[in-house]
Structure formats: structure tokens, C-alpha cells
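# Chains, contacts and geometry: an overview
Read off the chains here:
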Amino acid sequence: MVSNVIASQIRTHALYGGVVPELASREHLQNIVPVVRAALEQAGCTFADLDAIAVTEGPGLAGALLVGVMYAKGLAFALNKPLIAVNHLEGHIHAVLLEAKKQEQVLAQPALALVVSGGHTHLYLAEETDGTLQHKTWQYKNIGKTVDDAAGEAFDKVAKLLGMGYPGGPWIDWLAQHGDPRAVPFGPVNVKQKPYRAQQEQSPRFLFSFSGLKTAVLRYVQMHSMAQSIEARRVALANIPDAKPADALPLCDTETLNLIASFQRAVVVDLARKTFAAAETFQSACIVVSGGVAANRELRQHFLAEGRARALPVIFPSLALSTDNAAMIAAAAWPKFVAGEMATATLTAEPSLALG
Ligand code: KG4
Ligand code: ZN
């Protein structure tokens, strides 16, 4: 990796407590040219030095994806360079592979990949295809996913519900260290087969559901009359410029900290239980965890400890490559480039593109 420049939109969306699609597209439009220039400058190269242009075709917000796809197509055409289309989820998996390769770590296969972000909670079996070195690409089989909210979405919604900032994951992560995770006994989440008959190719054992947990937190807040203290915290944090999770600590009582820690524990235990069960069922040789939620401290500790107990390697990307970034898209594009899998001029944004 020679450069990886990120234009964060967190400040813009934080004002609204979530991503506003129109603002996301506008910021992409404003940032795309300066970000590409900065990336070339940091890498010490020019457009002429590039082998190919890689771009995310989906899944994601249509407007934001279109900005990237149109710009990349224009660039590839003007420079007469190949264009490569990448699935965002494949990118998250390749963030891990990129770093493993850098450390000359050979990744045992098949790998079980958990992609856990604001938009996804998906389990994939990932394997390199047979073929000559020149024609090896990766193939994926989706074996599990969320039937409602993504795990990151649950972190964001619970944080918002408790009067914290956006995105909620880092707030919950930091504050959970100060609470008792056993204080509120949220039960295990089992997704029943019946309502999801259409998804029979996936065993219900590997399906996730986080909306019930979010509702359980809401119910706890209502039952324990916490609304007033939540509103007071929200107002207090709004008055602190650039408020950080540490600013919320003196604004949280023990009950709130315990609720946060218990919520986080429930999410982490559920993700681990289903991921390790899938690894056993599909005889995976290792587990890779990526996406924004993979930055979570407790999640990392829990998965690593479980992996050690089962002698199953668990691999995470570095924190910088856990959340969305461009290096992971380039990493996923490389095997396609070597295998000659280029996109055509008809490439367009695919907001609900699936993987595997
Ligand atoms: O992968 P990502 O940057 O963007 C998407 O593709 O969604 O993931 C963002 C998500 C947000 O929901 C955010 O709250 C969550 O990742 N996140 C975390 C942490 N850092 C980011 N969730 C839990 N703990 C964290 N430390
Ligand atoms: Zn992502």
C-alpha cells in the first residue's frame, strides 16, 4: 500500500445523528478530485504511473456510489487504463488479506469472513479459486446474514437512544469499559426458521437479528425512567465542541454504564457464538473479521480468546483498515486485474449488489 487517503464525512452526518444520503453524495462530489490528487501526491506518482483504476460498484447508497463510478469511468477512459469494479464487502475482506500478505502470513483456507459494519452483518466462506497463478481469483459463499439491523446500526441506534454522539460504535466501545456487562441479562438471539423460509439456503443458526436487542434497550430505558437523564446528557454533549466518549463518562450513572456494557456484551457474544458455530460446521481453517464494528475492543478480545481456545486463527485488519477505506478496494481489485477481469463501459452503481 503506497497511499490511502480518507475524507471522513462524520462531522457532517453527526449533526443529524445518521447518514443523510443527499449530503453524502454532495460530499463525495466535493472530495473526490482533491482526495485522488492527495493520494497520488502521497504515493509520489502521477496518473501515468497507474496500472488500473478500481472503484466500488456496490452495495451502498446509490448517489454516493454513482459519484465514484462516474468519476472512475471518466478517469479510465481519459487515461486509457483498465477499469475494475469491486464489491464493497469483498473490499472489507481484502483489508485483512492485504495486511496478512504484507506480513508474509499465509492465510489458511477456506477462511470464514465476518463482515460487520453499519450496513452489513454477513458471514462468507472465502476461498481462492484453482487455476494458474495468473488466473486465481477469490470466490465467496454467503452462509449467514442479519435479517434486520446490521450490528453497527444497532450500536448507532442504541448510542443515539442513550443521548450519545454519532457514529455510536466508538462511544459504546469506550463507555462499556466502565460498566458491568452482567448487570442486564439480555438473552441469546435465535432467529426462527419459519418467517424466513425464503432464505432456506442459509441455516437459521447463522442468521443474525439485532432489532430485538435494540428494542430491549429501549424498554429498559422506559421501565427505569431514564428519559430525563438521557435528554440532559444529550443537551450537555451538544454544548461541548467536538465531544468525545470521555466527555460522556461524567454524564453517565452506573445504571447507564451497566446497560451499555451489557448491550455490547450481548452483541459480541452473539456474533462470536454464530461465527464460531459456522466455522465448525464448514470446517474453516481461519476466521477473518472486518468492517467498522471489527474495531470494537471487546469484540477483538472475545474473538481472539475464543480462537485461542479452539486453536483457530482469528485475523483482524489494523484499526485504520477496519472502517471504510480505499486501500481495501485496491486490494480486492488486484487479483481481478491479474486475471484480466475488467469492467466494461456499461458499469453502473449497484446499490443492492450481493456477494456470493
Ligand atoms: O465499515 P464502516 O466504516 O462503514 C460501513 O460500511 O457501514 O462501519 C461503520 C460502522 C458504524 O455503525 C460504527 O458505529 C461502527 O462501524 N463502529 C464501531 C466501532 N467503530 C466503528 N462499532 C463498535 N465499536 C467500535 N469501536
Ligand atoms: Zn464498509
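### Here's the deal with the coordination of the zinc ion (ligand 2)
Within the protein, the zinc ion (ligand 2) binds to His88 (NE2), His92 (NE2) and Asp324 (OD); these donor distances fall in the range 2.0 to 2.2 Å. Coordination at the zinc ion (ligand 2) is irregular: its four donor atoms span angles of 94 to 149° at the metal. Every donor residue of the zinc ion (ligand 2) comes from the same chain, spaced as H-x3-H-x231-D. Residue His88 and its partner His92 are both found in helix H4 (residues 88-102); the two are separated by four residues, about one turn of the helix.

### Here's the deal with the packing of aromatic side chains
Tallied over the full model, the rule gives six aromatic pairs. Taken together, a centroid distance of 5.9 Å and an interplanar angle of 55° make the contact between Phe206 and Phe282 tilted. Taken together, the residues span a long stretch of sequence, with Phe206 in the loop between helix H6 (168-176) and helix H7 (211-223) and Phe282 in the loop between helix H10 (254-281) and strand E6 (286-290) at a distance of 76 residues. Chaining the aromatic ring pairs together yields one cluster made of Phe276, Phe303 and Phe316.

### Points about the environment of Lys73
As for its position among the elements, Lys73 is in helix H3 (residues 62-79). Put simply, Lys73 and Glu255 are 182 residues apart on the chain and 53 Å apart in space, counted from C-alpha to C-alpha. Each residue touching Lys73, except ones within four places of it in the same chain, is listed here: Leu83, Ala345, Thr346 and Leu347.

### Looking at the pattern of salt bridges
Enumeration over the complete set of coordinates arrives at 13 salt bridges. Between Asp270 and Arg273 there is a salt bridge; the shortest N-O distance is 3.6 Å. Of this pair, Asp270 and Arg273 both sit in helix H10, three residues apart, which is roughly one turn of the helix. Its salt-bridge partner being Asp270, residue Lys274 comes within 3.1 Å of it at the nearest N-O pair. With Lys274 and Asp270 both in helix H10 and four residues apart, this pair spans about one turn of that helix. A relative accessible area of 3% means that Lys274 is categorised as buried. Within the structure, one salt-bridge network assembled from shared partners comprises Asp149, Glu153, Lys157 and Lys214.

### Thoughts on the pairing of strand E1 (residues 53-58)
The two faces of a sheet get side chains in turn, since along a regular strand they alternate between them. Counting buried positions over the six residues of E1 gives five, a clear majority of the element. Pairing analysis gives five bridges linking E1 to strand E2 (residues 83-87), with the strands arranged parallel. Bridging across to E2, Ala54 finds its partner in Ile84. On the question of chirality, the crossover connecting E1 to the parallel E2 by way of H3 is right-handed.

### A closer look at the side chain of Ser262
Within the secondary structure, Ser262 is located in helix H10. Given the relative accessible area of 2%, Ser262 is considered buried. Side-chain polar atoms of Ser262 contact the backbone oxygen of Pro181, separated by 3.3 Å. Contact partners of Ser262, with chain neighbours within four places excluded, come to Asp180, Pro181, Arg182, Ala183, Val184 and Phe186.

Definitions and cut-offs
- Residues numbered from 1 in each chain as written.
- Chains lettered and ligands numbered in written order.
- Predicted model: local features only at pLDDT ≥ 70, side-chain atom pairs only at ≥ 80, totals over all residues.
- Heavy atoms only, no water.
- Donors = N, O, S within 2.8 Å, 3.2 Å for Na, K, Ca; no water.
- Tetrahedral: all angles 85-135°; square planar, octahedral: opposite > 155°, others 65-115°.
- Helix = DSSP H or I, 4+ residues; strand = E, 2+ residues; numbered from the N terminus.
- Phe/Tyr/Trp six-rings, centres within 6.5 Å; stacked < 30°, edge-to-face > 60°.
- Contact = heavy atoms within 4.5 Å.
- Salt bridge = Lys/Arg side-chain N within 4 Å of Asp/Glu carboxyl O.
- Buried < 20%, exposed > 50% of the residue type's maximum accessible area, 1.4 Å probe, protein only.
- Pairing = 2+ DSSP bridges.
- Right-handed = clockwise from strand over helix to strand, strands pointing away.
- Polar contact = N/O pair within 3.5 Å; in protein donor to acceptor, adjacent residues only side chain to side chain.

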